[in-house]
Amino acid sequence: MSTEDRPPAPRSLAEALRARGDASLGALLRSRPDLITPVPTDLTQLATRAGTRASVVRALERLDRFALQTAEALAVAADPAAYGELLGLMAGDDADPAVVAALPHALDVLREQALVWGGDDRLRLVRTARELLAPSPQHPSPTGLGPTVQEATAGMSPGRIQEIVTAAGLPSTHDSVSAVTALAGLFTDRARMAALLAEAPADSLDVLERLVWGPPYGQVTADPAPRLRWLLDRGLLLPTAPGTVVLPREVALHLRRGLAHRAPEPVPPVVEAATAHRPQVVDSTAAGQAYTALATVEELLKDWDEGGPAVLRAGGLSVRDLKRTAVALDVPEPVAAFWVELAYAAGLIASDGEADERYAATPAYDEWLEQPAAERWSRLATAWLAATRTAGLVGGRDAKDRTLSALGPGLDRSAAPEVRHRVLALLAGLPEGAAPAAGSVLARLRWERPLRGAQREDDLRGRLAEWALSEAELLGVTGRGALSAHGRALLGAPAAPAPSPEAEPSGPGDKLPVHHHHRPAPLAPLSSAEQAVASAAAARLLAPLLPEPLDHVLLQADLTAVAPGPLRRPLADMLGVLADVESKGGATVYRFTPGSVRRALDAGQAASDLHAFLAAHSRTPVPQPLAYLIDDVARRHGHLRVGAASAYVRCDDDAVLSEILADKRAAGLGLRRLAPTVLAAQADPSGLLEGLRAMGFAPAAESAEGDVLITRALAHRTPPRSAPEPVPDGPPVPDDTLLAAALRAIRAGDLATTTPRKPGTSPAVNGELPRTGAAETLATMQAAVLTGGALWIGYVNAEGAASQRVIAPIRVEGGFVTAYDHTADEVRTYPLHRITGVAELADDAG
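The rules behind these values
- Residues numbered from 1 in each chain as written.
- Predicted model: local features only at pLDDT ≥ 70, side-chain atom pairs only at ≥ 80, totals over all residues.
- Heavy atoms only, no water.
- Helix = DSSP H or I, 4+ residues; strand = E, 2+ residues; numbered from the N terminus.
- Buried < 20%, exposed > 50% of the residue type's maximum accessible area, 1.4 Å probe, protein only.
- Contact = heavy atoms within 4.5 Å.
- Areas by Shrake-Rupley, 256 points an atom, 1.4 Å probe, with all protein chains shown as cover.
- Expected span 1.5 Å × (residues − 1).
- Bend = angle between axes of the 7 residues up to and from the residue.
- Phe/Tyr/Trp six-rings, centres within 6.5 Å; stacked < 30°, edge-to-face > 60°.
- Lys NZ or Arg CZ within 6 Å of the ring centre and 35° of its normal.
- Pairing = 2+ DSSP bridges.
- Axes fitted to C-alpha atoms, helices over the stretch in contact; angles between N-to-C directions.
- Salt bridge = Lys/Arg side-chain N within 4 Å of Asp/Glu carboxyl O.
- Core = buried A, V, L, I, M, F, W, Y, C linked by side-chain atoms within 4.5 Å.
- Polar contact = N/O pair within 3.5 Å; in protein donor to acceptor, adjacent residues only side chain to side chain.
- Arc of directions from axis to C-beta.
- pLDDT = per-residue confidence, 0-100.
- Parallel < 35°, antiparallel > 145°, perpendicular 65-115°, else oblique.
- Left-handed = near helix turned anticlockwise from the far one by under 90°.
- Nonpolar A, V, L, I, M, F, W, Y, C, P; charged D, E, K, R; others polar.

J.: How should the overall build of the protein chain be read in this particular structure?
T.: Looking only at helices and strands, the protein chain has 33 helices and 25 strands in total. A buried classification covers 46% of the 846 residues belonging to the protein chain. Across the protein chain, the fraction of contacts at a sequence separation of at least 24, relative to all contacts at a separation of at least 6, is 67%. Within the structure as shown, the protein chain displays about 40400 Å² of accessible surface, and the carbon and sulfur contribution to it stands at 55%.

Here you go:
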């Protein structure tokens, strides 16, 4: 292309954006959605918004390490800088081939993000980004470079500058500007600089070595040592304040062989596969853990079925209640906090909203229980993947030094879903059955989102990644550290890559070679509709791996029953009333005791019902000791009756009542005989029941009418509650419809502000709307209908909002103009009295 045919170089970011196509602008708005909240009126406003500090900081935080290093190098380069200068800063004098190959892509990323604009001969970093990344005494650059010679000598006297020039072996000049230019030219000349440093004392060179990679500032006394005096005399160190010197940027770059960074990182760290297992082993292990997850959540909700722990005044669980929950689930407290938060994220538990507010199961829990096991798991896993509440923070402190409690406020971290998704995506990029080294996953994440400033002190993303790996294993998304087939489907990932022949392990725990360099393509988070499809696919893959619920147990002579697998719900519920769980695991052991049998009788079961139930659901004969236990407890059950007097005991056998009165353990109940078959008590009925049971009797409660009360546990449910909404990490990414509408509006608004007007029309001043009288507006509209010309109008809608538009009038009648509106890309009708003014556009506009 000839020089005449080449488009002119953009003079501003707005002009650079104006030269982009819709696809490029759409990519910018997707990656930086804050730029269209609200939609800019034109490209100039879009460019202004893209240069605001908050938006630039957010964009910089989303760059990978090499793209950020490229931006940092541009911040210490000339403004504007040529591509060759940037390449020298990134690749150094040795021209690192990896950097040379990766730099064009990094520069394209910065351009796409609107952080850099201009051609390769005039690269410009957005001013706000330069201010954030350029070195200053208050904010040192990540490059470790200091100010340039020109910046460091800005306040120096002309005489002192001439002394430095002369000591450096340069001819004196007539003014400070040329002297500083000559000194900078010396420091950037590799040959002359090498000759100057060859004369330096060894201890002076040691001083430079200590400053070369930063920080570039040092302290000196009023009478510097000879090694420092030699450097100060030649400008290799320049004073910036009393007692402070700095290594000029040009000197540091010479000593670094041109590198802006000590270690450029053009290639992301490889996620290494530490161990490998057969895929079937991974899937079965993950499925076993998924079943355990379902059982744990059910046990948690069953424990809270009649009303769970109280809600703290500030919200959340108390430390004591979390400890109790951990003991009930037989897990450590951090794991208990995870299960509680997971049930909350899935909408299975919530606060009941009563005066004495407590946590309880929601109506959604009952619906969840009726679903197949695989679908119940997919609901938990989907909720976990999208939740911003972070259980790992429980027990920590917030910004006001308050303890963070489970289910309490302050646990939302908007980056959590993205980190979980990215961790699983990295696992999905490994061969099937391969488990990564956790350190390599963290190293990769830190490369993709390097830590800046205060983030270095609190590596939240690193902690989120560690929690994601452990939580995925708890939930059964991974097995033995490797992503399962149903976990891959949950993510919407394609089939795993096959391992290369040399990477095949010889055993389930063998290490894979460290030279495995598979790099997965990034997986984008799924939309809600896509996630629903992926969750259903995950459930289908998991279902065959989960054990089928059993309808039987094995009764044993030692008053225990063994469930060799998961039980069907009616059987499990009834057995949970009739017996106590003694141990869990692959097989659950239940123990029958007098108390557990009495519990079943209190729930309305008769001895005959219990015998029939056990006979129907046992693969072994009902042992004689168990039958005797049931009959013995049933024979004594209800023999004593307790009612409200404060409380009373009645029994047809007065000898039994005499036995109770004679027992020393009954002293605290305050009993006295009212009649041969009736005792009165000072204790309340429930306390009297417990006291008599502790003495070995089996009393039954009765109503005021004398009927036995059946004590069934009443399930407590909250009113309908929705699951907590994740806290978004900034504005949401626009969908295609919104993006298309935004681009159309921005283009039309830009057309309205940039299209040349015909001479003599009333142009907008400082962005104001055109102003014309009613007669002139009508005449111009009618003329445009005849000529087919386009007009620029100012318009105020019914709400009083003013806008500017480009329209092509079609007809004018009845006080209205019908026109094709380029802003809305459709034909619209406008009342003439709402048009503030009109201006004709030049014939070649467009």
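After that view, the rundown keeps rolling.
J.: Even after reading the chapter, I still don't get helix H7 (residues 97-112), so can you show me in this structure?
T.: Because the α-helix completes a turn every 3.6 residues, residues three or four places apart line up on one side. In this model, H7 (16 residues) spans 24 Å end to end at C-alpha, consistent with the 22 Å of a helix rising 1.5 Å per residue. Of all bends in H7, the biggest is about 35 degrees, found at leucine 103, and the proline proline 104 comes one to four residues later. Those residues of H7 that fall on the buried side of the exposure criterion are Val99, Ala102, Leu103, Ala106, Leu107, Val109, Leu110 and Arg111. Close packing links the buried residues of H7 with helix H5 (65-76), helix H6 (83-91) and strand S1 (116-117). Where H7 ends, the next residue or the one after it, alanine 114, has phi of about 60 degrees, a positive value.

J.: Whenever I open this one, unusual backbone geometry confuses me. Can you help?
T.: Residue proline 80 is reached from aspartate 79 by a cis peptide bond, and omega for that bond is 0 degrees. One non-glycine residue, alanine 95, lies in positive phi territory at about 50 degrees. Along the polypeptide, alanine 95 turns up in the loop between H6 and H7. Residue arginine 480 is not a glycine yet carries a positive backbone phi of 55 degrees. The topology assignment puts arginine 480 in the loop between strand S10 (478-479) and strand S11 (482-483).

J.: Would you explain the packing of aromatic side chains in this entry?
T.: Each aromatic ring pair is described using two quantities: the centre-to-centre distance and the angle formed by the ring planes. Following the criterion strictly, the structure yields four aromatic pairs and no others. Taken together, a centroid distance of 4.8 Å and an interplanar angle of 70 degrees make the contact between tyrosine 795 and tyrosine 830 edge-to-face. Residue tyrosine 795 is located in strand S21 (residues 791-796), and its partner tyrosine 830 is located in strand S24 (residues 826-831); the two are separated by 35 residues in the primary sequence. Taken as a pair, tyrosine 795 and tyrosine 830 share a single burial class, namely buried. We note arginine 376 situated over the ring of tryptophan 368; from NZ or CZ to the ring centre the distance is 5.3 Å.

J.: Looking at this structure, I do not really get the sheet that holds strand S15 (residues 588-591). What am I missing?
T.: In any sheet, the strands associate via hydrogen bonds between backbone groups, in a parallel or an antiparallel arrangement. The strand order S12-S13-S15-S14 describes an open sheet built from four strands, whose pairing is antiparallel. With partners counted over all chains shown, the strands left at the sheet margins are strand S12 (554-556) and strand S14 (580-583), one partner each. Each strand of the sheet is rotated relative to its neighbour by a mean of 30 degrees, with strand direction disregarded.

J.: Honestly, the pattern of salt bridges in this entry has me stumped. Any pointers?
T.: In a structure, side chains of opposite charge can pair up when their charged atoms sit close to one another. All told, the structure shown has 36 salt bridges when counted by the stated rule. For glutamate 471, the salt bridge is made with arginine 420, and the minimal N-O distance between the two is 3.9 Å. Here the residue glutamate 471 occupies a position in helix H23 (residues 460-475), and arginine 420 occupies one in helix H21 (residues 416-428), the gap between them amounting to 51 residues. Arginine 420 matches glutamate 471 in its accessibility class, with the two residues each being buried.

J.: I would appreciate a short explanation of the environment of alanine 77 in the present structure.
T.: Tracing the backbone through its elements, the reader meets alanine 77 in the loop between H5 and H6. Sequence separation between alanine 77 and leucine 123 is 46 residues; the distance between their C-alpha atoms is 9.8 Å. Filtering out sequence-adjacent residues up to four positions away, alanine 77 remains in contact with Glu85, Leu89 and Arg130.

J.: Whenever I open this one, the sheet that holds strand S23 (residues 816-821) confuses me. Can you help?
T.: Spatial ordering of the open sheet is given by S24-S23-S22-S21-S25, a layout of five strands whose pairing is antiparallel. Since the sheet does not close on itself, it has two edges, and those belong to S24 and strand S25 (835-840), each with one partner. Taking the axes of each pair of neighbouring strands and ignoring which way they run, one obtains an average angle of 45 degrees across the sheet. Bridging between S21 and strand S22 (residues 802-813) involves six bridges; their strand directions are antiparallel. Bridge pairing links valine 796 to alanine 802 in S22. Of the strands in this sheet, S21, S22, S23 and S25 touch helix H33 (residues 774-787), which is tilted by about 65 degrees from S22.

J.: How should the nonpolar core be read in this particular structure?
T.: In globular proteins that are soluble, nonpolar side chains generally tend to be buried together. With 89 residues, the main nonpolar core has Leu17, Phe187, Leu236 and Leu237 as its most contacted residues. Of the residues forming this core, the biggest block, eight residues, is contributed by H5. The residues touching leucine 237, leaving out its near neighbours within four places in the chain, are Val207, Leu208, Leu211, Leu228, Leu231, Leu232, Val245, Val246, Leu247 and Pro248.

J.: Just to check I follow, could you spell out the side chain of threonine 362 for this structure?
T.: Topologically, threonine 362 is positioned in the loop between strand S8 (359-361) and helix H19 (363-369). Threonine 362 sits in the buried class, given a relative accessible area of 1%. Here the side chain of threonine 362 touches glycine 347 through a polar contact of 2.7 Å, landing on its backbone oxygen.

J.: Is there a simple way to explain helix H30 (residues 654-662) in this structure?
T.: For H30, the set of buried residues is Val656, Leu657 and Ile660. Projected onto a plane normal to the axis of H30, the buried residues spread over an arc of 100 degrees and lie on a single side. For H30, the elements touching its buried residues are strand S17 (647-650), strand S18 (672-675), strand S19 (678-681) and helix H31 (685-694). The opening residue of H30 is aspartate 653, an N-cap whose side-chain oxygen sits 3.1 Å from the backbone nitrogen of alanine 655.

J.: How should I be thinking about the confidence of the model for the protein chain in this particular structure?
T.: In low-pLDDT regions, the fine details of the predicted coordinates are not to be read closely. With 89% of its residues at a pLDDT of at least 70, the protein chain reaches an overall mean of 85. Every residue in residues 500-521 scores below 50 in pLDDT, and together they form 34 contacts with partners more than four places removed in sequence or on other chains. Considering only residues more than four positions removed or in separate chains, one finds that residues 762-767, a stretch of pLDDT under 50, has nine contacts.

J.: Would you mind showing me how to read the packing of helix H16 (residues 279-303) against helix H17 (residues 319-329) here?
T.: For any two helices packed against each other, one specifies the crossing angle of their axes together with the interaxial distance. Interaxial distance between H16 and H17 falls to 10 Å at its minimum, and their mutual angle equals 125 degrees. By the angle between their axes, H16 is oblique relative to H17. As H16 runs across H17, the sense of the crossing is right-handed. In contact with Thr296, Glu299, Leu300 and Asp303 of H16, H17 contributes Thr325, Ala328 and Leu329.

J.: How should I be thinking about the pairing of S22 in this particular structure?
T.: For a regular strand, side-chain orientation follows a simple rule: the groups alternate between the two sheet faces. Taking the residues between adjacent antiparallel strands as the criterion, S21 and S22 are bridged by five residues, where glycine 800 takes a positive phi near 90 degrees. Remark: two residues form the turn of the hairpin made by S22 and S23, two consecutive strands paired antiparallel; glycine 814 in that turn has positive phi of roughly 60 degrees.

J.: I would appreciate a short explanation of the pairing of S15 in the present structure.
T.: Two elements, strand S13 (residues 560-563) and S15, share four bridges in a ladder whose sense is antiparallel. Bridge pairing in S15 links valine 562 to valine 589. One ladder, built from three bridges, connects S14 with S15; its direction is antiparallel. The partner of valine 581 across the bridge, within S15, is tyrosine 590.

J.: How do you make sense of the packing of H17 against helix H18 (residues 333-345) when you look at a structure like this?
T.: Running from N to C, H17 and H18 cross one another at 95 degrees; their axes reach a closest spacing of 9 Å. As judged from the angle between their axes, H17 and H18 are roughly perpendicular. Contact residues: H17 offers Leu322, Lys323, Thr325 and Ala326, while H18 offers Glu333, Ala336, Ala337 and Val340. Residue classes in the contact of H17 with H18 are distributed as five nonpolar, one polar and two charged.

J.: Sorry if this is basic, but what is going on with the side chain of serine 351 here?
T.: Within the fold, serine 351 resides in strand S7 (residues 349-351). Reaching out from serine 351, the side chain makes a polar contact with the backbone nitrogen of glycine 353 at a distance of 3.3 Å. In this structure the side chain of serine 351 is engaged in a polar contact, spanning 2.4 Å, whose partner is the side chain of glutamate 357. Look past the residues within four positions of serine 351 in its chain and what remains in contact with it is Val311, Glu357, Arg358, Tyr359, Thr718 and Arg721.

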